[in-house]
Amino acid sequence: MDTTIPEPLTDENLDMHRETVRETLDAIANDVGAALRDNGMNYPIFLTAGRSDRTILTIATPFDPSDQVWERMVAIAIEIISDRLGGIKLGSRELRCASANPIMTAVDVTAEL
């Protein structure tokens, strides 16, 4: 039985996780894209490193997938990002997003308390 107690998330280690995301953003995008394609979801997805609050990364798509498909896309991305960050617990929160012409859908990937 693993009795390791997770390190509490502080502003300092959130910044460290954001820096890891910034440094590996291309690799994360490639991994997420491949996993989405493997799951039959050929939607373009945009990733950007977070800068404030508990946001580690923001995910968006210029398409409007069904809520069920979008939730699955976000879950796949969260799993990959969590693995990249040593297994920390991540969640998401819906964002209001707008674009000049296409509809956009976006979420922040956030550190869980």
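What comes next concerns the included structure.

Reading the values: the criteria
Residues numbered from 1 in each chain as written. Predicted model: local features only at pLDDT ≥ 70, side-chain atom pairs only at ≥ 80, totals over all residues. Heavy atoms only, no water. Pairing = 2+ DSSP bridges. Helix = DSSP H or I, 4+ residues; strand = E, 2+ residues; numbered from the N terminus. Axes fitted to C-alpha atoms, helices over the stretch in contact; angles between N-to-C directions. Core = buried A, V, L, I, M, F, W, Y, C linked by side-chain atoms within 4.5 Å. Buried < 20%, exposed > 50% of the residue type's maximum accessible area, 1.4 Å probe, protein only. Salt bridge = Lys/Arg side-chain N within 4 Å of Asp/Glu carboxyl O.

## Brief notes about the sheet that holds strand β1 (residues 46-49)
Pairing between the strands of a sheet is mediated by backbone hydrogen bonds and can be parallel or antiparallel. Reading across the sheet, the 4 strands line up as β1-β2-β4-β3 and stay open at both edges, with antiparallel pairing between neighbours. Strand pairing shows two members of the sheet lacking a second neighbour, β1 and β3 (90-95), which therefore form its edges. Within the sheet, the average angular offset between the axes of one strand and its neighbour, ignoring direction, is 25 degrees. Note: strand β2 (residues 55-61) against strand β4 (residues 105-111), 6 bridges, orientation antiparallel. If you follow Thr 55 over to β4, its bridge partner there is Thr 110.

## Observations concerning the nonpolar core
By size, the foremost hydrophobic cluster in this structure holds 27 residues, and its most contacted members are Ile 56, Leu 57, Ile 59 and Ile 81. Of all the elements in the fold, those that place two or more residues in this core are α1 (11-38), β1, β2, α2 (67-84) and β4. When residues of this core are assigned to their parent elements, the largest contribution, 8 residues, is made by α2.

## A short note on the environment of Glu 112
Among the structural elements, Glu 112 can be located in the segment after β4. With 57 residues separating them in the primary sequence, Glu 112 and Thr 55 have C-alpha atoms 10.0 Å apart.

## Section: the pattern of salt bridges
Summed over all chains, the structure comprises 4 salt bridges. A salt bridge links Arg 22 to Glu 19; the nearest nitrogen and oxygen atoms lie 3.2 Å apart. Note that Arg 22 and Glu 19 are positioned in helix α1 at a spacing of 3 residues, about one turn of the helix. Judged by relative accessible area, Arg 22 falls into the partly exposed class, the value being 30%. According to the relative accessible area criterion, Glu 19 is partly exposed, its value standing at 34%. Taking the shortest distance from any N to any O, the salt bridge between Asp 53 and Arg 93 comes out at 2.8 Å. One end of the pair, Asp 53, is in the loop between β1 and β2; the other, Arg 93, is in strand β3, with 40 residues separating them in the sequence.

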